[in-house]
Amino acid sequence: MDSDSQAKSPISASTLTDENVPSLDQRSLYFNRELSWLQFNRRVLEEAQNESNPLLERVKFLAIFANNLDEFFMIRVSGLLKQTEAGAFNGSPDGMAPADQLLMIRRELLIQLAEEDRCWQQGLLPQLRMAGIRILPYKELNRKQRLLLKHHFELEIFPTLTPLAFDPGHPFPHISNLSLNLAIIIHDPEHGEGFARLKIPDSTPRLITVHGEEPGDLDYKKHPVNDFVFIEDVITANLDMLFQSIEVKAAYAFRITRNADFEIEEDEASDLLASIQESVGMRRFGLAIRLEVDKTMPKTMRELLMNNLHLEPGQVYTIHKPIGMASFLELTKIERPDLKYPPLRPAAGSLNHGKNIFAVIRNHDLMLYHPYDSFAPVVDFLSEAARDPNVLAIKQTLYRVGANSPIVQALMEARENGKQVAALVELKARFDEENNIGWAQALERAGVHVVYGLLGLKTHAKICLVIRRESSGLNRYIHLSTGNYNVVTSRIYSDFSYFTCDPLIGADISDLFNALTGYSRKTEYHKIWVAPGMIRQRLIALIEREICRHRQHHDGYIAFKMNSLVDKDCIMALYQASQAGVKIDLQVRGICCLRPGIPGVSENIKVTSIVGRFLEHSRIYYFHNGGADDLFLGSADLMPRNLDRRIEILFPIADLHLKTILIRHVLSIHLNDNVKAQVLCADGHHEKITSGAEQPEINSQSWMLEHQGLFLGNESNNEAVYPLVAAMQDDTPPKEEGKA
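Residues numbered from 1 in each chain as written. Predicted model: local features only at pLDDT ≥ 70, side-chain atom pairs only at ≥ 80, totals over all residues. Heavy atoms only, no water.

**Student:** Any chance you could explain the overall build of the protein chain here in plain terms?
**Tutor:** Each helix and strand in the protein chain was counted, giving 18 helices and 27 strands. Put simply, 73% of the contacts in the protein chain that link residues at least 6 apart link residues at least 24 apart. About 31,800 Å² of surface is accessible on the protein chain, with carbon and sulfur atoms providing 50% of the total. (Helix = DSSP H or I, 4+ residues; strand = E, 2+ residues; numbered from the N terminus. Contact = heavy atoms within 4.5 Å. Areas by Shrake-Rupley, 256 points an atom, 1.4 Å probe, with all protein chains shown as cover.)

**Student:** Sorry if this is basic, but what is going on with the pattern of salt bridges here?
**Tutor:** Side chains that differ in charge, positive against negative, can pair when their charged atoms come close. All told, the structure shown has 31 salt bridges when counted by the stated rule. Among the ionic pairs, Arg290 bridges to Asp70, the shortest N-O distance being 2.6 Å. Here Arg290 is found in strand S8 (residues 288–294), whereas its partner Asp70 is found in helix H3 (residues 55–86), with 220 residues between them in sequence. Just as Arg290 is buried, Asp70 falls in that class too. Here the residues in one salt-bridge network are Asp70, Arg255, Arg290 and Glu292, joined through shared partners. (Salt bridge = Lys/Arg side-chain N within 4 Å of Asp/Glu carboxyl O. Buried < 20%, exposed > 50% of the residue type's maximum accessible area, 1.4 Å probe, protein only.)

**Student:** Any chance you could explain empty space enclosed by the protein here in plain terms?
**Tutor:** The gaps of empty space that remain are located by a probe, the size of a water molecule, rolled over the atoms. What the rule picks out here adds up to six cavities of 30 Å³ or more. Estimates place the volume of the largest cavity at around 110 Å³. Together, 13 residues line the largest cavity, and Ala66, Glu116, Glu292, Gly324 and Met325 are the ones closest to its centre. Among the elements of the structure, H3, helix H4 (98–130) and S8 are those that each provide at least two residues to the lining of the largest cavity. It is H3 that contributes the most residues to the lining of the largest cavity, three residues altogether. Across the lining of the largest cavity, the residue classes break down as seven nonpolar, one polar and five charged. Estimates place the volume of the second largest cavity at around 40 Å³. (1 Å grid on protein atoms, 1.4 Å probe; cavity = no way out; pocket = protein on both sides within 12 Å on 5 of 7 lines; lining within 4 Å. Points joined across faces, edges and corners; volume = space filled by probe spheres on them. Nonpolar A, V, L, I, M, F, W, Y, C, P; charged D, E, K, R; others polar.)

**Student:** Hey, could you run me through the sheet that holds strand S6 (residues 227–230) in this one?
**Tutor:** Strand pairing in a sheet relies on backbone hydrogen bonds, with the paired strands running either antiparallel or parallel. Pairing within the open sheet is mixed, and its three strands lie in the order S1-S6-S5. Whereas interior strands pair on both sides, the edge strands pair on one side only; in this sheet they are strand S1 (134–135) and strand S5 (207–209). Strand direction decides the pairing type here: S1 and S6, joined by two bridges, are parallel. For Ile135, the partnering residue across the bridge sits in S6 and is Phe228. (Pairing = 2+ DSSP bridges.)

**Student:** What am I meant to see in the sheet that holds strand S2 (residues 164–166) here?
**Tutor:** The strand order across the open sheet built from six strands is S2-S4-S3-S7-S8-S9, with neighbouring strands paired in mixed fashion. Bordering the open sheet on either side are S2 and strand S9 (316–319), each of which pairs with just one other strand. Ignoring which end each strand starts from, the neighbouring axes of this sheet average 30° apart. Here S8 pairs with S9 via four bridges, running parallel. The residue of S9 that forms the bridge with Leu291 is Val316. Relative to the sheet, H3 contacts strand S7 (247–258), S8 and S9, its axis offset from that of S8 by approximately 135°. Relative to the sheet, helix H8 (residues 299–309) contacts S2, strand S3 (180–188), strand S4 (192–199), S7, S8 and S9, its axis offset from that of S8 by approximately 165°. (Axes fitted to C-alpha atoms, helices over the stretch in contact; angles between N-to-C directions.)

**Student:** When you look at the pairing of strand S20 (residues 583–588) in this model, what are you seeing that I'm missing?
**Tutor:** When a strand is regular, its side chains alternate between the sheet's two faces. Extensive coverage of S20 is indicated by the burial of five of its six residues. Two elements, strand S19 (residues 557–562) and S20, share six bridges in a ladder whose sense is parallel. Bridge assignment links Tyr557 to a residue of S20, and that residue is Lys583. Viewed along the sheet, the connection from S19 through helix H15 (residues 568–579) into S20 turns out right-handed. The pairing of S20 with strand S21 (residues 605–610) spans four bridges and is parallel. Of the residues in S21, the one forming a bridge with Leu586 is Val607. (Right-handed = clockwise from strand over helix to strand, strands pointing away.)

**Student:** Please explain the confidence of the model for the protein chain as it appears in this structure.
**Tutor:** Keep in mind that low pLDDT regions are not for reading the predicted coordinates in detail. In this model, the protein chain carries an average pLDDT of 87, and 86% of its residues clear a pLDDT of 70 or more. The model gives residues 1–17 a pLDDT under 50, and that stretch makes 25 contacts with residues more than four places away or in other chains. Per-residue pLDDT stays below 50 along residues 213–223; that stretch engages in 10 contacts with residues further than four places along the chain or on separate chains. (pLDDT = per-residue confidence, 0-100.)

**Student:** What am I meant to see in the side chain of His460 here?
**Tutor:** Structurally, the position occupied by His460 is in the loop between strand S14 (458–459) and strand S15 (462–470). With relative accessibility at 6%, the residue His460 sits in the buried group. A polar side-chain atom of His460 sits 2.9 Å from a polar atom in the side chain of Glu648. Residues in contact with His460, not counting those within four places in the same chain, are Tyr399, Arg619, Ser635, Asn642, Arg646, Ile647 and Glu648. (Polar contact = N/O pair within 3.5 Å; in protein donor to acceptor, adjacent residues only side chain to side chain.)

**Student:** I keep staring at the pairing of S19 and nothing clicks. Help me out?
**Tutor:** In terms of residue burial, S19 counts as a mostly covered element, since six of its six residues are buried. Of the two faces of S19, the one carrying Tyr557, Ala559 and Lys561 and the one carrying Ile558, Phe560 and Met562 are both buried. Pairing of S19 with strand S23 (residues 619–623) involves four bridges; the strand directions are antiparallel. Bridge pairing links Lys561 to Ile620 in S23.

**Student:** Explanation requested: the environment of Thr482 in the structure shown.
**Tutor:** Considering the arrangement of structural elements, one finds Thr482 in the loop between strand S16 (473–481) and strand S17 (493–500). As for Thr482 and Gly634, which are separated by 152 residues in sequence, their C-alpha atoms are 4.8 Å apart. Excluding residues that lie within four positions of it along the chain, Thr482 makes contacts with Lys462, Asp495, Phe496, His617, Ser618, Arg619, Leu633, Gly634 and Ser635. In this structure the side chain of Thr482 is engaged in a polar contact, spanning 2.6 Å, whose partner is the side chain of Asp495.

**Student:** Could you clarify how one ought to interpret the packing of aromatic side chains in this entry?
**Tutor:** Here a ring pair, both rings aromatic, is described through the centre-centre distance and the interplanar angle of the planes. What the rule picks out here adds up to 21 aromatic pairs. Each ring, one from Phe358 and one from Phe381, has its centre 5.9 Å from the other, and the planes form 55°; the classification is tilted. Taken together, the positions of Phe358 in helix H9 (residues 357–363) and Phe381 in helix H10 (residues 376–387) put the pair 23 residues apart, joining distant regions of the chain. Relative accessible area serves as the criterion here: at 2%, Phe381 is assigned to the buried category. Three or more aromatic residues joined by ring pairs make a cluster, and in this case those are Trp37, Phe40, Phe72, Phe73 and Tyr317. Here the guanidinium or amino end of Arg106 rests over the ring plane of Tyr317, the centre of that ring lying 4.6 Å away. Here the guanidinium or amino end of Arg290 rests over the ring plane of Phe73, the centre of that ring lying 4.3 Å away. (Phe/Tyr/Trp six-rings, centres within 6.5 Å; stacked < 30°, edge-to-face > 60°. Lys NZ or Arg CZ within 6 Å of the ring centre and 35° of its normal.)

**Student:** Any chance you could explain helix H17 (residues 656–671) here in plain terms?
**Tutor:** Side chains of residues three or four places apart in an α-helix project in the same direction, reflecting 3.6 residues per turn. For H17, which comprises 16 residues, the first-to-last C-alpha distance of 21 Å matches the rise-based estimate of 22 Å (1.5 Å per residue) to within 8%. For H17, the principal kink sits at Leu662 and spans about 30°. Within H17, 14 of the 16 residues are buried, which leaves it mostly tucked inside the rest of the structure. Measuring from the backbone nitrogen of His657 back to the side-chain oxygen at the start of H17 gives 3.1 Å, which picks out Asp655 as the cap. (Expected span 1.5 Å × (residues − 1). Bend = angle between axes of the 7 residues up to and from the residue.)

As structure tokens, this is what we get:
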């Protein structure tokens with residue numbers, strides 16, 4: 001059997017016996033990473049199709065699906081194209097060659113894009129109209145509406161437009177990444193048929209409001225605006241103003257996607273900040289990798305674009321209008337609370353109840369679960385540190401902090417107050433480079449010691465260290481997180497915040513910062529696990545320990561919750577645990593290359609995925625360990641990039657109270673979700689979970705909203721719920737580390 005057919009051949013449960021259990025190196029035991037990601041994005045699309053979601057939230061999911069796909073082409077597909085052109089092979093565990101992956105990606109995408117079109121044309125568009133939000137074809141507008149739009153075009157749009165001709169005297173124009181364009185066919189009485197390209201301006205909303213009144217008589221409060229028309233339709237209807245005395249025969253929308261995955265030779269870059277600024281600017285000029293065209297565009301024009309953009313037919317996607325649905329996020333700004341999720345009101349309980357926050361942390365560790373718990377205490381922690389006269393220094397990593405960041409403001413305030421402040425700002429955070437460059441420069445102007453990261457590695461760990469002088473001497477206070485220091489995403493992503501003054505963790509974090517900002521080469525730490533180097537090794541060691549315990553006591557159990565599972569060594573260790581009889585629950589939101597349910601290999605592994613209102617972003621690694629539970633949180637997914645090419649940390653939760661809540665009320669609820677969760681099958685597709693007649697429906701995100709404040713002392717929310725495994729069905733809490 002050749003490698004390609006072997007990579008694609010499914011394993012049938014009926015054909016495997018104990019005698020012919022495959023080697024764990026067999027390629028068919030692993031799902032392809034890119035195809036697995038496409039299945040994740042399909043689940044996002046299913047949320048847009050799900051009529052139990054509020055209407056405008058479904059529109060948001062459709063926009064997210066489209067935006068995800070744009071990034072997938074810019075990074076992943078562009079990488080496969082480069083491998084194909086270079087004749088390289090990336091050695092992925094499934095063994096599929098890059099050219100075959102591109103073929104399979106296109107095959108799957110054609111199906112998904114057809115579903116996306118049906119979701120919009122037959123589902124959302126008519127339902128929006130019924131709800132009073134109408135996106136009108138230009139031909140349906142009455143005369144007064146057209147005149148008003150013409151007036152708007154003359155004042156707000158026409159001055160920004162620049163038609164670019166294409167003929168022997170005018171070279172083919174540059175078309176920037178993800179810009180929406182019109183390909184225009186004109187007929188000149190003297191020169192015959194010609195072609196022009198017109199870029200739709202980014203500065204103007206995609207959806208233009210349609211009014212029925214005269215321009216000077218609009219009263220937005222008396223006349224709620226719910227009618228819209230696409231900007232490209234407004235421009236097309238008024239092209240005669242741009243091509244005067246020339247016949248405009250037709251105009252067709254199109255869009256291109258360019259390679260945005262630029263590698264920086266860091267060892268040759270004398271100025272990393274300047275190099276990244278340059279690479280961000282180059283994204284507009286990367287090689288074209290995808291062309292999306294209006295289905296009505298004639299073949300001759302498609303070929304003209306393909307030839308000048310150097311694209312193959314397999315890189316062209318014909319789309320029903322509209323092209324570029326990521327812009328539909330504009331619709332979610334409409335003030336229609338009846339068509340959205342109820343407002344999020346995170347638990348705002350105080351961590352310190354008016355006391356000094358450092359005194360509270362000295363008393364016991366603290367935990368928050370965002371977005372169900374407010375992110376404000378994290379900001380307050382830094383703000384109090386900035387103003388506390390006993391605080392001497394603050395050290396912080398910043399990956400994606402967002403705009404108008406109170407975290408950055410607190411760091412600058414701390415510097416103004418005379419404290420030593422060091423910030424590692426990861427300039428290589430993809431698609432946040434410009435924002436991070438701006439913050440790095442602002443912090444430097446404020447006198448903060450700014451470090452851009454380690455050579456060849458991204459710093460993805462989320463760490464804050466506060467050094468405070470106290471009567472006992474200098475003490476360290478630490479905040480660790482599974483998510484970014486970003487107020488906006490803290491209301492969208494589910495993540496944990498952990499506050500501690502554990503001396504050993506404090507010493508570890510100090511050593512790690514010394515490695516990040518200086519030349520320390522420390523590789524061993526007391527409590528935290530650091531990648532590269534430690535995380536894969538330690539996780540596999542604990543998996544092997546669970547195997548050994550299970551062989552003796554038959555109580556082995558492992559539960560991981562993460563974003564992605566790709567790393568082959570970790571997958572093989574989980575396969576070995578399953579073969580030994582250890583029960584394993586994996587909740588993987590996105591990419592999962594592990595194939596569950598294979599007799600003799602992975603029949604003891606269950607994989608689920610939750611896609612819902614909030615993006616499941618936290619990472620939890622749990623080992624039953626005979627009841628002496630080991631539980632780790634952190635920033636790392638089980639992917640080669642996280643374990644080998646990023647600075648990541650996992651940290652243990654030793655506090656008995658916090659550990660009990662995490663296991664019995666957070667992890668167990670998510671693993672028992674039977675509303676939003678879908679189970680991964682051996683053939684790669686996901687199935688919805690059907691709850692039994694006696695089993696109540698469990699929507700984990702809804703449950704968390706109803707039981708906010710789990711870590712804030714709300715005892716009424718701490719009743720025991722669904723245990724992880726049968727071995728844990730008694731009501732005894734987990735044992736403390738080191739105790740029998």
